[in-house]
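The primary structure of each chain is shown beneath.
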Amino acid sequence: MEECMQSSNFHSHCTFCDGHSQPEAYVEAALSRHFRAYGFSSHSPLPFETCWNMSACNMEGYIREISRLKEKYSGRIEIYLGLEIDYLDETYNASIPYFRSLPLDFRIGSLHFLPWQQPLTEENMTCIDGPFARFVETVGERYGNDVRRITKHFFDTSMQMAEAGGFDIVGHADKICMNGSGCSGFDRAADWYRKPFEDYLGLIAEKGYVMEVNTKNFLRKGQLYPSQDALKRIREHRIPVMVNSDCHTPALVNDGRNEVLALLREAGFRTTREPVCGAWQDIPLT
């Protein structure tokens, strides 16, 4: 029974943002894998429209649809309504009244964009989560071809996000590694990387956030967020963790979960922290 308690996923994207299937298809996929719980976390609206964020005009429909699924599947699987909320700056993040007013069960705080200048428009954003070629162009155009500068910008902004709050779960905490690791000079062992990441872990621990271990690219690319070599430090900071697949298709609701649960055991974790019957609980890893 304890083993199946970790059969869950609290980071997923459906057709309300850039996911590829209707929400109910994810629930059916979760049920077919004997999931205990499933959480939807569409990309939140932004001050500008993108091809992958939800539009604010669709928020009411999103809340209504996930609430319908909660009722329909009650007694078979726990359904949770969440959002993945981008931190842009002090004026737009999970802590602002708009997001606090929404009837959400959980909130993921994430970085996908680094504002380069005002106003908050898409052309003034540095996207860290797009194609590698575009990332390299941006590092050249805006950061003098120095991957250390964009990494510093990422961790400075991450610290601001953690201080602002308004969320429960830290999403893909070192996502800068996805593209940054392909750039010349990028080195997670170097002091210029290790020190700000360590400071970020300390602040996450102080604030009491849950950190997701994001498996989206683990089986396909061998990438884990946070990186596998950081898991022991996260445990030493006593930061609670959960395993999420960040799936965009129903087939990937459980992608990489068993493998990463094994890595957590090897790193010394004894529990994960997840919502159970509406309350956050520490669940033993067996």
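Everything that follows concerns the structure shown earlier in this document.
Rules behind the numbers
- Residues numbered from 1 in each chain as written.
- Predicted model: local features only at pLDDT ≥ 70, side-chain atom pairs only at ≥ 80, totals over all residues.
- Heavy atoms only, no water.
- Pairing = 2+ DSSP bridges.
- Helix = DSSP H or I, 4+ residues; strand = E, 2+ residues; numbered from the N terminus.
- Buried < 20%, exposed > 50% of the residue type's maximum accessible area, 1.4 Å probe, protein only.
- Contact = heavy atoms within 4.5 Å.
- Arc of directions from axis to C-beta.

**Q** Quick question: what am I supposed to make of the pairing of strand 10 (residues 271–276) here?
**A** Looking along a regular strand, one sees side chains alternate from face to face of the sheet. As paired elements, strand 10 and strand 11 (residues 279–284) share six bridges and run antiparallel to each other. From the neighbouring strand, threonine 271 faces strand 11, where its bridge partner is proline 284. If you look at the hairpin formed by strand 10 and strand 11, you'll find two residues sitting between the two strands, and cysteine 277 has a positive phi there, around 55°.

**Q** Can you walk me through the environment of phenylalanine 132 in this structure?
**A** The topology assignment puts phenylalanine 132 in helix 4 (residues 132–142). By relative accessible area, which is 37% here, phenylalanine 132 ends up partly exposed. Through-space distance from the C-alpha of phenylalanine 132 to that of methionine 178 is 8.6 Å; in sequence the pair is 46 residues apart. Excluding residues that lie within four positions of it along the chain, phenylalanine 132 makes contacts with Asn179, Gly182 and Cys183.

**Q** Mind showing me how you'd approach helix 4 here?
**A** Within helix 4 the residues assigned to the buried category are Phe135, Thr138, Val139 and Arg142. The buried residues of helix 4 occupy an angular sector of 100° when the element is viewed end-on, so they sit on one face. Opposite the packed face of helix 4, turned more than 90 degrees from it, sit the exposed residues Ala133 and Glu141. Along its buried surface, helix 4 packs onto strand 6 (125–127), helix 5 (147–164) and helix 6 (176–180). At the exit of helix 4 stands glycine 144, carrying a positive phi of roughly 60°.

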